[in-house]
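What the coordinates show
Each chain, letter by letter, is given below.
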Amino acid sequence: MSAPPPGGPTSAPSPEAPISTPSPGAVWQRPDVAHPFLDQRQTLVPLVDVQEDLIRRLLARHPRPLARVLDVGSGNGAMAELALALGGAGSGSTAVLVDFSQPMLERAGARLERFAGRWQTLHGDLSSAAWSQPLPAGGFGAAVSALAIHHLPAERKRALFGELFALLAPGGIFVNMDYVAIGGPLRGLFDEQLIANAVRAEHECGGTRSDEEVERDWADDSDEDRPDSVEDQLRWLTGAGFEEVELHFKWAEAAVFSGVRPAAA
Ligand SMILES: C[S@@+](CC[C@H](N)C(=O)[O-])C[C@H]1O[C@@H](n2cnc3c(N)ncnc32)[C@H](O)[C@@H]1O
């Protein structure tokens, strides 16, 4: 999925500093990448409203109380907001937002203002199993993720599905809205549509940038996508122990799929 390009100079590591490989997706830790995405998310992401409406309905029809919700790669908590809003203002449901981007998590306060006292953030890097250590096993009625897990390599995705299974209460649901790998003639359509949405938004808000400038910005691929196919990911969910594994939505590289931890597990 395209991300706005990092702006400004990148500082070189000092000679003494150990050279470490940054986690995939680390570009989202930069405010100049995180903020433009958050500001334009609903306009840019193809069919985002349809996908979110589907997730809302899926969670609303889930037969067990959500109670505690985990937003995985939360950004500023779009999925947490969707889940917290389901129960109405008087609902006691709570959410934990997990992300490794401070600029993203810092924007959660504004987004989730009306749910004061019902959410918290956890700074965690999903590229290692250690991210889940502070969380209670079996504690969550739902884990929901949007546009985040595709940054992880295949083996980490597969392992993460197992970690999420362990965090869910029996009967808990995991829902993932993500950018997936596809072949065939529609390959690349998601990014093309995202860029077309960005150009249209620039015109509609009276922006001064040329179409080419906007295209150049959003065509940047420095957010290091590692998408895998839906077919592989559904298999990994089943392998992790999930039941009722379903693909609910697919449009080019956009997909929504879910699985349920068996009630008796
Ligand atoms: C495209 S944004 C989506 C944010 C949010 N879920 C949403 O739908 O608005 C991708 C998010 O995944 C997070 N992310 C990517 N790789 C991550 C990792 N290894 N650990 C934790 N968060 C990660 C980024 O920091 C960023 O907030």
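In what follows, the accompanying structure is described. Please read these numbers as outputs of a predicted model, since none were measured by experiment.

This part takes up the site of the ligand. In the region of the ligand, 21 residues are neighbours, and Arg41, Gly73, Asp99, Leu126 and Ala146 sit closest. One of the side-chain N or O atoms of Asp99 is found 2.5 Å from an oxygen atom in the ligand. The backbone of Ala146 places a nitrogen or oxygen atom 2.8 Å from a nitrogen atom of the ligand. A breakdown of the residues in the shell around the ligand according to their chemical character gives 11 nonpolar, seven polar and three charged.

Let's shift gears to the pattern of salt bridges. Tallied over the entire structure, the rule returns 13 salt bridges. Linking Arg30 and Asp32 is a salt bridge whose minimum nitrogen-to-oxygen distance equals 3.3 Å. On the basis of relative accessible area, Asp32 is assigned to the partly exposed category, the value being 28%. One salt bridge in this structure joins Asp232 and Arg235, with 2.8 Å as the shortest N-O distance. Separated by three residues within a single helix, Asp232 and Arg235 lie in helix H9 (residues 230–240), roughly one turn from each other.

On to the pairing of strand E1 (residues 68–72), then. On any regular strand, side chains alternate: one points to one face of the sheet, the next to the other face. With four of five residues buried, E1 lies mostly within the body of the structure. Where E1 and strand E2 (residues 94–99) come together, five bridges link them in parallel fashion. Residue pairing across strands places Leu70 opposite Val96, the latter belonging to E2. Pairing between E1 and strand E4 (residues 140–146): four bridges, direction parallel. Paired with Asp71 across the two strands is Val144, which belongs to E4.

Here is what the cut-offs are and how they apply
- Residues numbered from 1 in each chain as written.
- Predicted model: local features only at pLDDT ≥ 70, side-chain atom pairs only at ≥ 80, totals over all residues.
- Heavy atoms only, no water.
- Near = heavy atom within 4 Å.
- Polar contact = N/O pair within 3.5 Å; in protein donor to acceptor, adjacent residues only side chain to side chain.
- Nonpolar A, V, L, I, M, F, W, Y, C, P; charged D, E, K, R; others polar.
- Salt bridge = Lys/Arg side-chain N within 4 Å of Asp/Glu carboxyl O.
- Buried < 20%, exposed > 50% of the residue type's maximum accessible area, 1.4 Å probe, protein only.
- Helix = DSSP H or I, 4+ residues; strand = E, 2+ residues; numbered from the N terminus.
- Pairing = 2+ DSSP bridges.

Keep in mind these values describe shape, not function.
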